[in-house]
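The residues making up each chain are set out below.
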Amino acid sequence: MIILPESDEALLRECEIETFRSSGPGGQHVNKTETAVRLRHLPSAVVVTSREMRSQHQNKSLCLEKLRRKIAQLNHRPAKRVPTRVPRSVKKRVLENKARRSQVKRLRAKPAKDD
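The following refers to the structure shown. (Residues numbered from 1 in each chain as written. Predicted model: local features only at pLDDT ≥ 70, side-chain atom pairs only at ≥ 80, totals over all residues. Heavy atoms only, no water.)

**Some thoughts on the nonpolar core**
Argument step 1. With 11 residues, the main nonpolar core is built from Leu4, Leu11, Cys15, Val37, Leu39, Val46, Val48, Cys63, Leu64, Leu67 and Ile71.
Argument step 2. At 4 residues, helix H3 (residues 56-75) tops the list of elements feeding residues into this core.
Argument step 3. Apart from residues no more than four positions distant in its own chain, Val37 is found in contact with Ile17, Glu18, Thr19, Phe20, Val48, Thr49, Ser50, Gln56, Asn59, Lys60 and Cys63. (Core = buried A, V, L, I, M, F, W, Y, C linked by side-chain atoms within 4.5 Å. Buried < 20%, exposed > 50% of the residue type's maximum accessible area, 1.4 Å probe, protein only. Helix = DSSP H or I, 4+ residues; strand = E, 2+ residues; numbered from the N terminus. Contact = heavy atoms within 4.5 Å.)

This is the structure:
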């Protein structure tokens, strides 16, 4: 279980921040400025990147949201399934249907030749 601090500043202290040039549409602005952000959470080794916005500050806040979501997903443990007993009436109904189907199949077969 990974526990994250409540404040963004404390979370950023636990992370390694890397900026790089974003790729894709956007022309000269995208090619010249380093607005894309990659956050590496050191205690859990989870890496998230963001390059959607034109601002490094907005991309950093997006990365923090993504990191919190990803850690919450990793922390999620599904509830244990409690097996239930099949009721007697259901067992009886299943056996009746099975007997009915076998009777239909027996009637469908070719009659045996008597010598």
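**A word on the pattern of salt bridges**
Oppositely charged side chains can pair when the atoms bearing their charge come close.
Argument step 1. Under the counting rule described, the total for this entry stands at 4 salt bridges.
Argument step 2. Asp8 is the partner of Arg68 in a salt bridge, and the nearest nitrogen-oxygen pair spans 3.1 Å. Highlighted residues: Arg68 in helix H3 and Asp8 in helix H1 (residues 8-13), separated in sequence by 60 residues.
Argument step 3. Judged by its relative accessible area of 26%, Arg68 is partly exposed.
Argument step 4. Asp8 gets classed as partly exposed once you look at its relative accessible area, which sits at 36%.
Argument step 5. Residues Glu18 and Arg38 are paired through a salt bridge, measuring 2.9 Å at the closest nitrogen-oxygen approach. Of this pair, Glu18 sits in strand S1 (residues 15-20) while Arg38 sits in strand S2 (residues 36-41), and the two are 20 residues apart along the sequence.
Argument step 6. Residue Arg38 is classed as partly exposed on the basis of its relative accessible area, which comes to 24%. (Salt bridge = Lys/Arg side-chain N within 4 Å of Asp/Glu carboxyl O.)

**Observations regarding the sheet that holds S2**
For sheets, the rule is that strands pair by backbone hydrogen bonds, running either parallel or antiparallel.
Argument step 1. Read across the open sheet, the 3 strands follow the order S1-S2-S3; overall the sheet is antiparallel. Sheet topology places S1 and strand S3 (46-50) at the edges, where each strand pairs with a single neighbour. The mean inter-strand angle of the sheet, taken between neighbouring strand axes irrespective of direction, is 15°.
Argument step 2. Here S2 runs beside S3; their pairing, made up of 5 bridges, is antiparallel. The partner of Arg38 across the bridge, within S3, is Thr49.
Argument step 3. Relative to the sheet, H3 contacts S1, S2 and S3, its axis offset from that of S3 by approximately 145°. (Pairing = 2+ DSSP bridges. Axes fitted to C-alpha atoms, helices over the stretch in contact; angles between N-to-C directions.)

Without other data, these values stay purely geometric and don't point to any function.
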